[in-house]
Amino acid sequence: MEVRARAPGKIILAGEHAVVHGSTAVAASIDLYTYVSLSFPPHSVFHGANDNSSKGPKSMSFLPDSVWFSFHTTRYKPAKVVITSELPLGSGLGSSAAVCVSLSAAFVALSDGVNLDRSHQGWSMFGENELELVNKWAFEGEKIIHGRPSGIDNTVSTYGNMIKFRSGELTCLKSNTSLKMLITNTKVGRNTKALVAGVSERTVRHPNAMASVFKAVDSISNEVAEIIQSPSHDESAVSEREEKLGELMEMNQGLLQCMGVSHASIETVLRTTLKYKLATKLTGAGGGGCVLTLLPTLLSGTLVDKVIAELEACGFQCLIAGIGGKGLEISFDSSS
C-alpha cells in the first residue's frame, strides 16, 4: 500500500508585517503543490522497540534514507518517503508548511484511528477531525523548522481557500470568486527575522506614524476579506471586484514601502507590471522573495506572455497560480 498526499502553498494577500503589530492579515492557498508518497519496501518487517536493528524513538524519527513510523508503541517498520514540489523553496510561498502538512497526512492516513476508503481512485479529502489532527502535527513540524511560527502557513495548506488572521485567531473564509495571480520569484534571498526586526525598530522611532500605517493595513485586510466573500453575479461585477482588489493591493504595497521592507528587485517587478497597468504587491517578508500581480479575468493571454517575457529577461522566475483553491488531499495505491 502506498499513500500519496498533496498540500498547497500559500500567499499573503494583505497584512504581512502589520499582523505582528496587531493588524489583520489575509492569506490564501495557491494551486501549486508539494507531494509526499509513503510506501513500504517489499519484504519489510516490523522491528520491536528493543530490537538492536531499530534505533528510532517510540514515535518517529527521520533517518538518512528511511522514515521509521510507529503503528504501535513498541513496533516499527521501515518506510520510503518521496517528496516532490512545485513550490520554489525559501521564497515565502509556504513550502515548508506544505511538506509538514502532506507528510503528517500520509502518516495519519495509514494509522489505525482513521476510517478511510483505501479502494477509492483519485484524490479525496479528509474529514474535519482528521484535518484538525493533521494541522496540529504540521504545526509541530513548523515549530521545529521556524521556532515560533504563526500557524498561518500550515492552516492554509491544510484547509485551503483563504483565512483571516489577527492576534493569534484564525478564521477560515469562503471565497466566492476565482482569482489568478502572476507570482514572480525574484530569487533574492531574505532574512525574515531581520526584516521583522527592522519594522519593529522603525515603529519605536516613529510610533505615531507607524500606528497609522498599521491601522490602514488592518482596514485594507478587512476590506479584502469582504470583497473575496461577496458574490459576483455577472461579468461586470467580477471586473469591479478585481479592480477594487487591485487598488487595495497597490495601497498595501505603498504601506509596505513605508515599513521599509521593499527591495530593488521588488521595485523592478513593480515598474514592469505598472507599464501594463497591473496591480502588484510583495508577499511575505519582502526584501526580495516573491511578488504578486493580479491577473484580471478579461486580461488577454498575449499581454500576460509579454509581461512574463519581460520579467524573465530580468532573471526572475514566473508562475501563474489560482488563488483560494483546495487544501490537503490524499490518494491510495494498493498495487505498490
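These numbers were taken from a predicted model, which means no experiment stands behind them.

*Asks:* Help me out: how do you make sense of the overall build of the protein in this one?
*Replies:* A count of helical and extended segments in the protein gives eight helices and 13 strands. Split into buried and exposed, the 336 residues of the protein put 51% on the buried side. Within the protein, residue pairs in contact and separated by at least 24 positions form 74% of the contacts whose partners lie at least 6 positions apart. Accessible surface, the protein: about 15,900 Å² in total, of which carbon and sulfur atoms supply 53%.

*Asks:* Would you mind going over helix α7 (residues 264-274) with me for this structure?
*Replies:* Because each turn of an α-helix spans 3.6 residues, side chains separated by three or four positions in sequence point in the same direction. Considered for burial, the residues of α7 that qualify are S265, I266, T268, V269, L270, T272 and T273. As for α7, its buried residues are in contact with β9 (179-185), α6 (235-259), β10 (280-283), β11 (290-294) and α8 (301-312).

*Asks:* What is the right way to look at the packing of aromatic side chains in this model?
*Replies:* Pairs of aromatic rings are described using the distance from one ring centre to the other and the angle between the two planes. One pass over the structure, following the stated rule, counts two aromatic pairs. Aromatic pair Y33 and Y35: ring centres 6.3 Å apart, planes at 55°, arrangement tilted. Taking the relative accessible area as the measure of exposure, Y33 reaches 9% and is therefore buried. Assessed through its relative accessible area of 16%, Y35 is described here as buried. Through a chain of ring-to-ring contacts, three or more aromatic side chains come together here, namely Y33, Y35 and W123. Note that R6 overlies the ring of Y33, its terminal NZ or CZ placed 4.6 Å from the centroid.

*Asks:* Sorry, what's going on with the pairing of strand β7 (residues 162-166) here?
*Replies:* Regular strands place their side chains on alternate faces of the sheet. In this sheet, β7 lies alongside strand β2 (residues 25-39) in antiparallel orientation, the contact comprising four bridges. Note that in β7 the partner of A25 across the bridge is F165. As judged from the five bridges shared by β7 and strand β8 (residues 169-173), these two strands associate in the antiparallel manner. Among the inter-strand pairings, K164 is bridged to a residue of β8, identified as T171.

*Asks:* Any chance you could explain empty space enclosed by the protein here in plain terms?
*Replies:* A probe as big as a water molecule, rolled over the atoms, marks out the empty space that is left. By the definition in use, this model includes one cavity of 30 Å³ or more. By volume, the largest cavity amounts to about 60 Å³. Considered class by class, the residues forming the lining of the largest cavity number eight nonpolar, no polar and no charged.

*Asks:* Explanation requested: α8 in the structure shown.
*Replies:* For α8, with twelve residues, the first-to-last C-alpha span of 16 Å sits near the 16 Å given by 1.5 Å per residue. All of the buried residues in α8 are V304, V307, I308 and L311. Looking straight down α8, one finds its buried side chains confined to an arc of 95°; they lie on one side. What points out from α8, more than 90 degrees from its buried face, is the exposed set T302, D305 and K306. Where α8 is buried, its residues touch β9, α7 and β12 (317-323).

*Asks:* Would you explain the environment of V99 in this entry?
*Replies:* Structurally, the position occupied by V99 is in helix α1 (residues 95-109). Along the primary structure V99 and T84 are separated by 15 residues, whereas in three dimensions their C-alpha atoms are 9.1 Å apart. If near-sequence neighbours (up to four positions away) are discounted, V99 is found in contact with T34 and I83.

*Asks:* How should the pairing of strand β13 (residues 329-333) be read in this particular structure?
*Replies:* For β13, the tally of buried residues reaches four of five residues, placing the bulk of the element in the interior. Strand direction decides the pairing type here: strand β1 (residues 2-14) and β13, joined by five bridges, are antiparallel. Bridge pairing in β13 links R4 to S331.

*Asks:* Can you walk me through the pattern of salt bridges in this structure?
*Replies:* Tallied over the full model, the rule gives nine salt bridges. In this structure, E16 and K281 form a salt bridge, with 3.0 Å as the shortest nitrogen-oxygen distance. Taken together, the positions of E16 in the loop between β1 and β2 and K281 in strand β10 put the pair 265 residues apart, joining distant regions of the chain. Overall, E16 belongs to the buried group, its relative accessible area being 5%. A single salt-bridge network, built from bridges that share partners, covers R6, K326 and E329.

Calculation notes
- Residues numbered from 1 in each chain as written.
- Predicted model: local features only at pLDDT ≥ 70, side-chain atom pairs only at ≥ 80, totals over all residues.
- Heavy atoms only, no water.
- Helix = DSSP H or I, 4+ residues; strand = E, 2+ residues; numbered from the N terminus.
- Buried < 20%, exposed > 50% of the residue type's maximum accessible area, 1.4 Å probe, protein only.
- Contact = heavy atoms within 4.5 Å.
- Areas by Shrake-Rupley, 256 points an atom, 1.4 Å probe, with all protein chains shown as cover.
- Phe/Tyr/Trp six-rings, centres within 6.5 Å; stacked < 30°, edge-to-face > 60°.
- Lys NZ or Arg CZ within 6 Å of the ring centre and 35° of its normal.
- Pairing = 2+ DSSP bridges.
- 1 Å grid on protein atoms, 1.4 Å probe; cavity = no way out; pocket = protein on both sides within 12 Å on 5 of 7 lines; lining within 4 Å.
- Points joined across faces, edges and corners; volume = space filled by probe spheres on them.
- Nonpolar A, V, L, I, M, F, W, Y, C, P; charged D, E, K, R; others polar.
- Expected span 1.5 Å × (residues − 1).
- Arc of directions from axis to C-beta.
- Salt bridge = Lys/Arg side-chain N within 4 Å of Asp/Glu carboxyl O.

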